Amino acid sequence: MSFSEHFLWGGATAANQYEGAWDEGGKGLSTSDVMTNGSHTVPRRITWVKPATGETGSTDLSTLSCRGLPEGVEPAIVAGEFYPSHTATDFYHHYAEDIALMGEMGFKAFRLSINWARIFPNGDDEEPNEEGLAFYDAVFDECAKYGIEPLVTLSHYETPLNLAVRYGGWADRRLIGFFERYAKTVMKRYLGKVRYYLTFNEINLMSMMPFMAGGVTDAAPQVRAQAAHHQFVASALTVKAAHELSPELRIGQMLAYSPVYPYSADPADDLLAMERAHDALWYADVQTGGSYPAYRLKQMERDGVALEMEPGDEDLLARYPADFLSFSCYGGSTVSVRQRELEAGSGNLALGIVRNPCLATNAWGWATDPYCLRLALNTLYDRYHKPLWVVENGIGWSDVREPDGSVHDDYRIDYLRQNIQSMKDAVDLDGVDLMGYTMWGCIDLVSAGTGEMRKRYGFVYVDRDDKGEGTLERSRKDSFYWYKKVIATNGEDLS
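Small disclaimer: the values here were computed from a predicted structure and weren't measured.

In the structure shown here, the tally under the stated rule is 35 aromatic pairs. Centroid distance Phe-3 to Phe-7: 4.4 Å. Interplanar angle 35 degrees. Geometry classified as tilted. The exposure class of Phe-3 is buried, given its relative accessible area of 3%. Lying over the aromatic face of Phe-480, Arg-476 brings its terminal NZ or CZ to 5.5 Å of the ring centre.

Structure (structure tokens):
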């Protein structure tokens, strides 16, 4: 047997893409609540208002990530716009049904996020919202009925909007204290119900999408670096608080990671691949490794970035690194110094990559890479020597529900079969210490990258379309039954 008897098979979601009920239960606005839908070719937008004049408008995510928001505007909901997170696929009202489906598949773990604004509506409140706390109590109690271990992300692209408007998001050091209060409140409340937490989803996305990653509306390199540092300190304080609260609590990092392949045998391509890998790995070097790596300090020096630290910051990072490293990985990235001469890649996080001619892609440019998880797991385990957890892996596809309610998604089964085998090889052949696997979007949800519903990931189809219409009825896909068999055999039967 490759996987241990305690291996945590399951699925993963995020409140901003799945939960809905954006204005119910005392919840405040979050950054995702002002983000419109989009598509593979049309970027999602952040809507805003200019308080001085009442003018409204929007800025697409790519522009926001490069230049920030226009001067004098505040992110806000604008009448007439469609915001997919407001209802998403309505886990808020379907949690018992959805968790029962997870139980039917045999899930051992369910990764979900707590929406910070549901607990502290403004982010800086003195007291938490009891109705929000009670909702997650009910969710965790439902998980316990089926023996499902919750894996809770504390911040998954859902910073309270007030913190973005009033403070500029994580660029302001005061957010460390607000987050520490939130984390302590949650960990104390759910002690005995939740053992595993992740602090910041895909923390390295601060470099590419600072608004999504932390409510940051200024795109300057100095601001992004400072915001990341504040998240590192907040994470260390969360680890410290967890260890003081209970020896059972374990706090993990969550990194967006994929192997980076040189396009050719040109050494310059190999060097570029190393530099691109560093773009993600330095975040883990700090949060899991405990200190800033020399190569990143040199890069900051070249960029004119001078971090503002308080006494004790570096000691906190060194003493309270993450207990384990979790990561998302959907496939590898291919780079070349001859990028302009080659066909551009597409799919998530495709900026600056080229299409890999060795891999087939789908309509969103996503390739099925049969080796990416083994490569990723070995790289990360060799580097940090800490337990790993694959908490996102999957493929978006335009699934079709037949008149009888069935969904035939052989393409998803094929993708998952190859990826789970790759993961299995890392454990069986290479001895990697792997805690679990939670496939992304186990129940259909809104795509974070495009804001679409038709880009589906789940084992369970949800009747909802890109316009927000549909019954929200749940239907089992073919992959539902396949994954049930995989879990039942602990990954031995992938046929």
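Before going further, it helps to examine the sheet that holds strand β4 (residues 74-75). Taken in spatial order, the three strands line up as β3-β2-β4 in an open sheet, and their pairing is antiparallel. Looking at the sheet topology across the chains shown, the edges are occupied by β3 (55-60) and β4. Pairing geometry for strand β2 (residues 45-50) and β4, over two bridges, is antiparallel. Considered in β4, the bridge of Trp-48 is made with Pro-75.

This part covers the side chain of Ser-155. In this fold, Ser-155 is placed in strand β6 (residues 149-155). Note on Ser-155: relative accessible area 3%, which makes it buried.

A few words now on the environment of Ala-15. Tracing the backbone through its elements, the reader meets Ala-15 in helix α1 (residues 15-18). Along the backbone, Ala-15 and Asp-444 are 429 residues apart, and their C-alpha atoms lie at a distance of 12 Å. The contacts of Ala-15, once residues within four sequence positions are left out, are Gly-20, Ser-113, Asn-115 and Glu-158.

Pairing within the closed barrel is parallel, and its eight strands lie in the order β1-β5-β6-β7-β8-β10-β12-β13. Here the average twist between neighbouring strands, direction ignored, is 25 degrees. Of the pairings in the sheet, the one linking strand β12 (residues 388-392) to strand β13 (residues 434-440) comprises two bridges and is parallel in character. Note on β13: the bridge partner recorded for Leu-388 is Leu-434. Docked against the sheet, helix α7 (residues 174-189) engages β6, β7 (196-200) and β8 (250-256), running at close to 165 degrees with respect to β6.

So, how was this worked out
Within every chain, residues take consecutive numbers counted from 1 along the sequence as written. Totals for whole chains, interfaces and linings use every residue, but because this is a predicted model, local features are given only for residues with pLDDT of at least 70 and side-chain atom pairs only at 80 or more, for both listing and counting. Think of the side-chain values as coming from all heavy atoms in the structure, minus any hydrogens and water. Whether two aromatic rings pair depends on their centres lying within 6.5 Å, for rings of Phe, Tyr and Trp, where Trp uses its six-membered ring; planes under 30 degrees apart make the pair stacked, over 60 edge-to-face, and the rest tilted. Only protein chains enter the accessibility calculation, which uses a 1.4 Å probe. A residue is then buried if its area is under 20% of the maximum for its type, exposed if over 50%, and partly exposed in between. Here, a charge over a ring means that NZ of Lys or CZ of Arg falls within 6 Å of the ring centre while also lying within 35 degrees of the ring normal. Think of it this way: DSSP has to see at least two bridges between two strands before they count as a pair. Each helix is a run of DSSP H or I of at least 4 residues and each strand a run of E of at least 2, with the numbering of both proceeding from the N terminus. Contacts are assigned to residue pairs that have any heavy atoms within 4.5 Å of one another. A fitted line through C-alpha atoms represents every axis, and for helices the fit uses only the stretch in contact; the resulting angles, taken between N-to-C directions, go from 0 to 180 degrees.

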